[in-house]
Amino acid sequence: LDMARIENGKLEIELVPCNIREAVMETEQMLAPDMGEKGLTFQVSAENIQDNCVLCDALRIKQIVLNLLSNALKYTKTGGTVTYQVIQTGKNHQGHAAYEIHVKDTGVGMTEEFMNHIFEAFEREKSATESGVEGTGLGLAITRQLVKLHGGTIRVNSKKEEGTEFVVEFCLKVIEELSAAMAHREHKEE
């Protein structure tokens, strides 16, 4: 459904106040049980964040992170490690701050050739299908479009049998903590 909306140019983002630290903790709580069940070490950190509250489409950002983390979970064998980091890399005078999301795993990795096509719809590497991992092959195509709708970028580094790292970069409007809390409360009451 998302892919159809993207292709028709109908997928829009809704900017709402979001507390980055809280969003990171929520995502960690959602995935920690699955990571533990599979016997993976799940390392989560929100480093160097001075500006917690921003305007973004909180649901879509969560979707981006969940897509990346569930891939890491899928393609990392028991005993491996998945790392999820959010870092603030700067702030400009117009009240926007730059953030990076890093999702890194010690999973099966990818060939260089496959990395060039990773964000295309229905692309899955042969080793991924052979490993019995199911999926539509749409997750990363949608993820890239959601990142682009936020004016961000996504890149991938990977080595076969050594693991993969996705890095998402965003520049988001910073808002005051108080106004974020108020907006959140009003949103709940509606």
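Look up: the structure comes first, before these words.
The model shown is predicted, which means the values in this text are computed figures rather than measured ones.

So, the environment of L55: which residues are in play, and what are the values?
Checked against the element boundaries, L55 lands in strand β3 (residues 53-56). When its relative accessible area of 27% is taken as the criterion, L55 is described as partly exposed. When residues no more than four places from it in sequence are discounted, the contact partners of L55 are L15, V16, P17, L172, K173 and I175.

Could you give an account of the pairing of strand β4 (residues 81-91), naming the residues involved and the relevant values?
Taking burial as the measure, the 11 residues of β4 include 8 buried ones, the bulk of the element. Sheet topology places strand β2 (residues 41-47) next to β4; 7 bridges connect them, and they run parallel. Across the sheet, residue T41 finds its bridge partner in β4, namely T81. For β4 and strand β5 (residues 96-105), the ladder comprises 9 bridges, and the chain directions are antiparallel. In the strand pairing of β5, V82 is matched with D105. Hairpin connection between β4 and β5: a loop of 4 residues separates the two successive antiparallel strands, and G95 in this loop has a positive phi of roughly 80°.

Please provide a residue-by-residue account of helix α6 (residues 139-149), values included.
Turning to α6, its buried residues number three or more, namely L140, A141, I142, T143, L146 and V147. Within two residues after α6, G151 carries a phi angle of roughly 75°, on the positive side.

Any details on the pattern of salt bridges? Residues and values, ideally.
One pass over the structure, following the stated rule, counts 3 salt bridges. K62 is paired through a salt bridge with E26; the nearest N and O atoms lie 2.5 Å apart. Of this pair, K62 sits in helix α3 (residues 58-75) while E26 is found in helix α2 (residues 20-37), placing the two residues 36 residues apart along the sequence. Ionic pairing is found between R155 and E169, a salt bridge with its closest N-O pair at 2.7 Å. A residue pair is termed long-range when its members are at least 10 positions apart, and R155 in strand β6 (residues 153-159) and E169 in strand β7 (residues 163-174) qualify at 14 residues. By relative accessible area, which is 38% here, R155 ends up partly exposed.

Conventions adopted
- Residues numbered from 1 in each chain as written.
- Predicted model: local features only at pLDDT ≥ 70, side-chain atom pairs only at ≥ 80, totals over all residues.
- Heavy atoms only, no water.
- Helix = DSSP H or I, 4+ residues; strand = E, 2+ residues; numbered from the N terminus.
- Buried < 20%, exposed > 50% of the residue type's maximum accessible area, 1.4 Å probe, protein only.
- Contact = heavy atoms within 4.5 Å.
- Pairing = 2+ DSSP bridges.
- Salt bridge = Lys/Arg side-chain N within 4 Å of Asp/Glu carboxyl O.

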